[in-house]
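Take a look at the letters that make up each chain.
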Amino acid sequence: MKVLVAVKRVVDYNVKVRPKSDGSGADLANVKMAINPFCEIAVEEAVRLKEKGVATEVIAVSVGDKSCQEQIRTALALGADRGIQVEAEGDLQPLAIAKLLKAVYDKEQPQLVILGKQSIDGDNNQTGQMLAALAGIGQGAFASELEFEGDSIKVTREVDTGLQTLEIKLPAVVTADLRLNEPRYASLPNIMKAKKKPLDVLNPADLGVETASKVKLVKVAPPAERQAGIIVETVEALVDKLKNEAKVI
Amino acid sequence: MSILVIAEHDNQSLNSATLNTVAAASQIGGDIALLVAGNNCAGAGEAAAAVAGVSKVLVADNAVYEHQLAENLGQLVAEIGKDYSHILSPATTTGKNFMPRTAALLDVDQLSEIISVESEDTFTRPVYAGNVIATVQSADAIKVITVRGTAFDPVAAEGGSAAVESVDIVCDAGLSSFVSEESVKSDRPDLTAASIVISGGRGMQNGENFEMLYQLADKLGAAVGASRAAVDAGFVPNEMQVGQTGKIVAPDLYVAIGISGAIQHLAGMKDSKVIVAINKDEDAPIFQVADYGLVADLFDAVPQLIEQI
Ligand SMILES: Cc1cc2nc3c(=O)[nH]c(=O)nc-3n(C[C@H](O)[C@H](O)[C@H](O)COP(=O)(O)OP(=O)(O)OC[C@H]3O[C@@H](n4cnc5c(N)ncnc54)[C@H](O)[C@@H]3O)c2cc1C
Ligand SMILES: Nc1ncnc2c1ncn2[C@@H]1O[C@H](COP(=O)(O)O)[C@@H](O)[C@H]1O
């Protein structure tokens with residue numbers, strides 16, 4: 001079974017991003033970039049499937065400019081077999097990404113596509129579900145556990161009310177939630193090996209995909225700031241403040 | 001303008017997030033239709049008809065919609081929704097699951113988790129864990145939008161008298177089926193709708209110690225939440241996680257106990273009206289957003305709180 005994993009290059013999760021002062025976008029000058037944490041979990045899951053003998057080949061795909069090859073290399077260092085970069089400049093909307101991934105899906109014909117549930121920059125939580133719809137296949141979104149059974153997969157999902165388990169026919173799309181697994185660290189020898197693994201570059205025109213979008217970013221702004229608070233010395237003082245000043249209890 | 005709102009419900013009654021979503025629809029303006037798709041969901045259909053500001057209720061009552069499977073629901077909403085200018089659903093795990101499918105089938109973009117309506121085509125939404133608020137404008141013929149409930153005051157659940165129509169479109173993709181569900185039943189209020197939330201983090205040390213927080217919550221009529229670290233460590237179940245990738249809450253009072261205040265946690269609670277932090281580390285970032293901070297060992301402070309409240 002071939003497994004396709006989608007990885008996105010995003011700002012490192014420790015960075016507190018601020019808007020540019022002219023409001024034209026987020027200020028990403030000189031910030032540390034990394035593989036989206038949910039994509040890292042997706043890669044780890046695919047690699048574990050390979051180690052268990054369920055998957056035969058793991059292909060990591062990323063849509064972006066040349067710099068996203070760095071995150072593809074990270075996926076290769078974690079154990080993916082080969083990489084595909086789909087060249088794209090600027091920020092694409094999830095629908096455009098999903099269309100490009102669908103073209104790669106058609107080309108590679110994997111039985112399983114694993115994505116992250118959400119990119120931590122755009123916080124969209126859309127791409128996997130869109131890809132599944134475009135491909136006309138089932139989806140297990142926000143997965144915390146996978147179990148293969150013949151030509152279907154049992155997916156346990158993290159939902160607002162708890163955990164839900166679905167059975168989904170293969171091929172299928174799965175999006176990884178936080179507790180699907182704990183990703184490993186890439187070892188130095190594996191990082192060296194990853195440099196030699198194949199990495200193909202495709203472009204949207206080769207794939208016949210139109211990526212224009214009707215959504216426009218008008219401006220960005222910082223969130224409303226909170227007033228500075230105070231430190232209280234005792235539990236008694238806290239209870240007093242909550243009752244008599246804030247009047248919330 | 002005509003707006004289709006997808007109700008979230010348990011077949012008998014509406015989930016309160018539906019009322020927040022109708023509120024967002026009212027701000028866009030125009031006729032609002034509420035779709036209730038479920039199985040034996042006449043009860044939820046009646047509740048939908050009573051919601052203030054709704055002009056029509058569509059009920060799709062069929063076994064294929066029982067578990068809100070994304071493949072079936074996504075297609076149904078796309079078929080019904082193609083005649084509307086806007087399709088809105090709550091940004092719950094159900095909405096987040098099927099709405100992107102609907103958008104893809106309609107070949108339009110989706111705007112996720114809007115927090116304000118600027119005009120019929122312009123909305124704001126948080127990005128980068130809420131550290132940046134983006135204003136986005138969509139020229140798509142149909143605007144597919146999920147709505148962050150805490151950003152919109154709910155409309156009244158009573159007072160409306162919408163006409164109820166049944167829909168006989170059956171979308172059965174046959175791609176997925178329901179196996180089982182596991183949820184912890186609790187008499188405490190729903191996390192996202194509670195007016196007081198008490199949350200515990202890694203500092204709680206284990207699941208048993210959360211008993212203290214349940215006691216405190218029961219005295220206050222509060223809901224109990226948690227940080228990711230507390231969920232990952234197995235202290236409490238996943239549905240209690242508050243944050244960028246968990247639940248978003250904005251109660252009148254949020255009490256963070258043994259939580260450091262990582263960006264991802266703040267993203268889920270920093271719009272609370274009053275924030276209290278109890279942490280033994282005076283440099284914990286949670287104090288930067290707290291209205292009232294108490295630097296103390298939680299194992300001393302929480303029992304005292306229970307006693308004094
Ligand atoms: C992709 C991604 C998504 C994430 N999503 C979320 C999310 O949705 N929600 C979320 O919460 N996190 C999320 N996180 C995790 C986040 O980055 C933090 O790791 C997490 O919030 C830390 O939880 P914590 O504050 O409980 O633990 P810690 O950071 O370990 O803090 C524990 C705190 O307890 C205090 N403490 C310890 N003992 C005591 C005591 N006896 N008395 C008083 N205080 C004590 C300590 O001083 C410390 O400040 C996410 C991370 C990533 C990468
Ligand atoms: N540019 C991209 N390249 C590859 N995969 C992506 C890209 N954008 C999003 N994805 C995938 O889609 C998931 C969800 O992203 P989003 O819908 O933007 O929240 C990510 O975790 C990735 O797996």
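In the block above lies the structure referred to throughout.
Residues numbered from 1 in each chain as written. Chains lettered and ligands numbered in written order. Predicted model: local features only at pLDDT ≥ 70, side-chain atom pairs only at ≥ 80, totals over all residues. Heavy atoms only, no water.

Caption draft 1: Structural view of the interface of chain B and chain A. Tallying the contact residues gives 82 residues for chain B and 79 residues for chain A. Taken over both partners, the interface formed by chain B and chain A buries close to 6700 Å², and the fraction arising from carbon and sulfur atoms is 54%. Sorting the residues of chain B by area buried against chain A places Asp-109, Tyr-128 and Tyr-292 of chain B first, and these three jointly supply 11% of that buried surface. Taken together, chain B and chain A are joined by 3 salt bridges. Of the charged contacts, one joins Lys-99 of chain A and Asp-107 of chain B as a salt bridge, the two residues approaching to 2.7 Å between their closest N and O atoms. Here chain B and chain A share 43 residue pairs in polar contact (both at pLDDT 80 or more) between them. Broken down by element, the side of chain B that touches chain A gets its largest block of residues, 8 residues, from helix H4 (residues 93–105) of chain B. Split by residue class, the side of chain B that touches chain A holds 39 nonpolar, 25 polar and 18 charged. (Contact = heavy atoms within 4.5 Å. Buried area = accessible area lost by both parts, 1.4 Å probe. Salt bridge = Lys/Arg side-chain N within 4 Å of Asp/Glu carboxyl O. Polar contact = N/O pair within 3.5 Å; in protein donor to acceptor, adjacent residues only side chain to side chain. Helix = DSSP H or I, 4+ residues; strand = E, 2+ residues; numbered from the N terminus. Nonpolar A, V, L, I, M, F, W, Y, C, P; charged D, E, K, R; others polar.)

Caption draft 2: Representation of a negative patch on the surface. Where like charges cluster on the molecular surface, the negative patch consists of Asp-65, Glu-87, Glu-89 and Asp-206 of chain A. With respect to the element layout, Glu-87 of chain A can be found in strand S5 (residues 82–87). (Patch = residues over 30% accessible without salt bridge, like charges linked within 9 Å, V, L, I, M, F, W, Y side chains within 5 Å. Areas by Shrake-Rupley, 256 points an atom, 1.4 Å probe, with all protein chains shown as cover. Lys, Arg positive; Asp, Glu negative; His and termini not counted. Charge placed at Lys NZ, Arg CZ, Asp CG, Glu CD.)

Caption draft 3: Main features of the site of ligand 1. Around ligand 1 sit 30 residues, and of these Arg-202, Ser-227, Ser-260, Gln-264 and Asn-279 of chain B come closest. Those residues lying near ligand 1 are distributed over chains A and B. A distance of 2.8 Å separates an oxygen atom of ligand 1 from a polar atom in the side chain of Gln-241 of chain B. Note that an oxygen atom of ligand 1 is positioned 2.8 Å from one of the side-chain N or O atoms of Gln-264 of chain B. Protein chains shield 86% of the accessible area of ligand 1, which is 980 Å² for the free molecule. Taken together, the elements giving at least two residues each to the shell around ligand 1 come down to helix H1 (37–51) of chain A together with helix H6 (228–232), helix H7 (263–266) and helix H8 (298–308) of chain B. (Near = heavy atom within 4 Å.)

Caption draft 4: Region of the structure containing helix H1 (residues 17–28) of chain B. All names here are of chain B. Counted at 1.5 Å a residue, the expected span for H1 with its 12 residues is 16 Å, and the 17 Å between its end C-alpha atoms agrees. H1 sits mainly inside the fold: 10 of its 12 residues count as buried. Residues Ala-17, Thr-18, Leu-19, Asn-20, Thr-21, Val-22, Ala-23, Ala-24, Ala-25 and Ile-28 constitute the buried set of H1. Residues of H1 that are buried sit in contact with strand S1 (2–6), strand S2 (31–38), strand S4 (86–90), strand S6 (116–119), strand S7 (122–127) and strand S9 (143–147). The first or second residue beyond H1 is Gly-29, which carries a positive phi of 90°. (Expected span 1.5 Å × (residues − 1). Buried < 20%, exposed > 50% of the residue type's maximum accessible area, 1.4 Å probe, protein only.)

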